[in-house]
Amino acid sequence: MGRKRDIKQVDAIAKEFHITGELRNAFGIFLEEEKRNGYGGNLNLRGDFTYEELRQKAKEFLEDI
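Residues numbered from 1 in each chain as written. Predicted model: local features only at pLDDT ≥ 70, side-chain atom pairs only at ≥ 80, totals over all residues. Heavy atoms only, no water.

**A word on the layout of surface pockets**
Line of reasoning, step 1. Approximately 210 Å³ is the volume found for the largest pocket.
Line of reasoning, step 2. Forming the boundary of the largest pocket are 13 residues, of which Asp 6, Val 10, Leu 31, Glu 32 and Lys 35 lie nearest the centre.
Line of reasoning, step 3. Counting residues per element, the ones that place at least two in the lining of the largest pocket are helix H1 (5-16) and helix H2 (21-36).
Line of reasoning, step 4. For the lining of the largest pocket, the element with the highest residue contribution is H2, accounting for five residues. (1 Å grid on protein atoms, 1.4 Å probe; cavity = no way out; pocket = protein on both sides within 12 Å on 5 of 7 lines; lining within 4 Å. Points joined across faces, edges and corners; volume = space filled by probe spheres on them. Helix = DSSP H or I, 4+ residues; strand = E, 2+ residues; numbered from the N terminus.)

Shown next as structure tokens:
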């Protein structure tokens, strides 16, 4: 079975922003925390982020580390 679309998008964003290895795992955790805390995510998409939201979250994540 193929990878879910949302994970593929996160992987693409991570690649674009050169987020690899353990940092990629931390980025995934960061996104889950952001969704859980209500900081973005489209409710019509089960709380998943749009591609543009993911790009913004990657910038925020990299600024915070």
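Text resumes after the structure shown.
**Focus: the side chain of Gln 9**
Line of reasoning, step 1. As for its placement among the helices and strands, Gln 9 is situated in helix H1.
Line of reasoning, step 2. Not counting residues up to four positions away in its chain, the partners in contact with Gln 9 are Phe 49, Tyr 51 and Leu 54. (Contact = heavy atoms within 4.5 Å.)

By themselves, these observations are geometric and do not establish any function.
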